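# Observations on the model geometry
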Amino acid sequence: MLVLASASPRRREILSRFVHEFKVVPSNASEECRLREPGDYSVELARRKAREVYSRVGGTVIGADTVVSVDGQILGKPRDEGHAVRMLKLLSGRVHQVTTGYCIIHGGKELCGAVTTDVKFRELDEELIRAYVATGEPMDKAGAYGIQGLGGLLVEWIRGDYYNVVGFPIEIIWKLRELGFEVLSR
């Protein structure tokens, strides 16, 4: 049994494009982490999520965690609208990194890694930032934007895996294929 240790509708939707059968079991793992390097940070949280769900249901479990970073500073989900505005102002006109750490527990062994994508934001004016924040879309997303939604308007370009920016890199699908799971079959 393949298990996605996430409550994220975006991760569920991406995985369902490639793998027909899986179960969703949200993790109860703590998201407090003292690590500061984005790859280490995101892998640690992904590992915690996968282990917590694996301990409850077994099977093959996928945990993932996505962070946005700029100048070495990790930006999580905004606490409130003012925090979202500050994050978007910080990202305006700049290149930042989106890193998704993952951990797949299969046969009791852990396969972990991280994928990073560079994203360049357009120059954003205060009016656009406030209008975007008012939609509510940024409030549950790392870095206060969702590229797959209205936040796509903020992005000038990306270098790397688009699905990673959404929160579930294609590398995970390849790892599942290498483990013997059928992908792209219905």
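These figures come from a predicted structure and were not determined experimentally.

## Section: the packing of aromatic side chains
All told, the structure shown has three aromatic pairs when counted by the stated rule. Look at phenylalanine 121 and tyrosine 145: their rings are 4.7 Å apart centre to centre, the planes differ by 70°, and that puts the pair in the edge-to-face class. Of the two residues, phenylalanine 121 sits in strand S6 (residues 109-121) while tyrosine 145 sits in the loop between helix H4 (126-134) and strand S7 (155-159), which places them 24 residues apart along the sequence. For the residue pair phenylalanine 121 and tyrosine 145, the accessibility class agrees, reading buried in each case. Ring geometry for tyrosine 162 and tyrosine 163: centres 5.8 Å apart, planes at 75°, overall edge-to-face. Owing to a relative accessible area of 35%, tyrosine 162 belongs among the partly exposed residues under this scheme. By relative accessible area, tyrosine 163 is classed as partly exposed at 22%. Three or more aromatic residues joined by ring pairs form one cluster here, namely Phe18, Tyr162 and Tyr163.

Definitions and cut-offs
- Residues numbered from 1 in each chain as written.
- Predicted model: local features only at pLDDT ≥ 70, side-chain atom pairs only at ≥ 80, totals over all residues.
- Heavy atoms only, no water.
- Phe/Tyr/Trp six-rings, centres within 6.5 Å; stacked < 30°, edge-to-face > 60°.
- Helix = DSSP H or I, 4+ residues; strand = E, 2+ residues; numbered from the N terminus.
- Buried < 20%, exposed > 50% of the residue type's maximum accessible area, 1.4 Å probe, protein only.

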